[in-house]
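Working through the structure, step by step
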Amino acid sequence: MTKISKIYLYILVAVVCLWQLPWLFNFLTATPEERPFILYSSAIKDFAIRKNESGKTVYVDLNGNTYSKHQYDLLLPEYFARQLAADKSLPDTLFGQPVDLKLLTDENLTLRIKPETVFGPYIPLYQMFESQSGNVDLEMPPDVFRLDDTKMEFINKADNTLNAEKSADFTNELKKVGFEFPVVDVAGNVSEKKKYDNGYLFTDSEGCLFNVKMEQGRPVVRKIELPNGVVPTHCFVTEFIGRHSLGVFFDAAGQFYVITQPYNKIVKTELPPVDLGKGDFFVMGNMFTWTVRVTDEEKITWYAIDANNFSLLKKYYIPLSDSHLGGLSFLKNGWVRVNWK
């Protein structure tokens, strides 16, 4: 019996070793995958690419033209305005519009959305900043708020007591403009390290969208008119220095929309649908264009869209190599996956 058990054990060890040999080979021979840095250049109406080749940084466009570092900066003056100003080569006008260092830097924006940001766990307690304090810097509020099926409640941080008056004020103001509890989605930026506060975006049980702020200690709630048939599913408040937008959102189909300021107009971008659960969504924009990078399991895609009407200007993608190494891999649910590679 002992002899038979040893035979089974040896067979099992041999099988496991055979399974894991491909993984070991790929692990020992794996090389880092270089991913280029790409931005859309309005100067050449093409993507400007910075990448590494044989240990050297090279600057090219999609047509194969090569550039020096300074020429590359000149292709993207909106992004490299500080360097160009230091070199005394920052232009006075761009595409017929007068510009300076402050304007260019103030108009730049970044937005990154990861799957864990949307689908990860969170604590449903939020902080409502004073949007019109008159102070240069925002201050952390003395309370937090939460939402249940019928109301909005503010809890004092110091003693964990309910601020009944403030809770009633905000709840009544929400109901006054047509908000239907319970809330479905809440979006806001809880850091005080920002230039100003745009409050929160609430989606109610009817699929309607609202902007909720606090001004001079009082609730300010505005319903945002949505195009027919559009229902936000994932909202994000934007507080870019240029103040051209209140926020962005995706609908159930993955279409990307921008809420423009100052009239809270909803503009549908010409980006194809995006699945936020499959990878990163990254925006790096300026006063003329936005470069949008969408990463999924198979490829990285760059889109250039117009910063004014959000029409699609150009698209480029590169496929990703299979990142799964051969052999056994253990999943979080306890199952074992065999990767034949």
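Above this note sits the structure.
Just so you know, these numbers come straight off a predicted model, no measurement behind them.

What counts, and at which threshold
Here, residues in each chain are numbered from 1, in the same order as that chain's written sequence. Owing to the predicted nature of the model, reporting of local features is limited to residues with pLDDT of at least 70; listing and counting of side-chain atom pairs is limited to 80 or more, with chain, interface and lining totals taken over all residues. The basis for every side-chain value is the complete set of heavy atoms in the structure, and neither hydrogens nor water enter the calculation. Helical segments are the DSSP runs of H or I of at least four residues, strand segments are the runs of E of at least two, and each set is numbered from the N terminus. Every residue pair with non-hydrogen atoms within 4.5 Å of one another is taken to be in contact. In this scheme, a residue with accessible area under 20% of its type's maximum is buried, one over 50% is exposed, and one in between is partly exposed, where area comes from a 1.4 Å probe on protein chains only.

**Concerning the environment of K223**
On the secondary structure map, K223 appears in strand β13 (residues 218–224). When neighbours within four sequence positions are excluded, K223 is seen to be in contact with V177, C208, L209 and F210.

**A short note on the environment of Y40**
Here Y40 shows up in strand β1 (residues 37–41). Residues Y40 and W302 lie 262 residues apart in sequence; the distance between their C-alpha atoms is 8.8 Å. Sequence-distant contacts of Y40, defined by excluding residues within four places in its chain, comprise K45, D46, F47, L76, Y79, T289, T291, A304, L313 and K314.

**Digging into unusual backbone geometry**
Geometrically, the link from F181 to P182 is a cis peptide bond, its omega value of 0° lying close to zero. Along the polypeptide, P182 turns up in the loop between α6 (164–176) and β10 (185–187). With an omega dihedral of 15°, the bond running from Q261 to P262 counts as a cis peptide bond. In this fold, P262 is placed in the loop between β16 (256–260) and β17 (265–268). Positive phi values are uncommon outside glycine, yet K88 reaches one of about 60°. With respect to the secondary-structure elements, K88 resides in the loop between α3 (81–86) and β5 (93–94). For K88, a relative accessible area of 78% corresponds to the exposed category. We note that F310 has phi near 60°; this positive angle belongs to a residue other than glycine. Residue placement: F310 occurs in the loop between β20 (299–306) and β21 (312–319).

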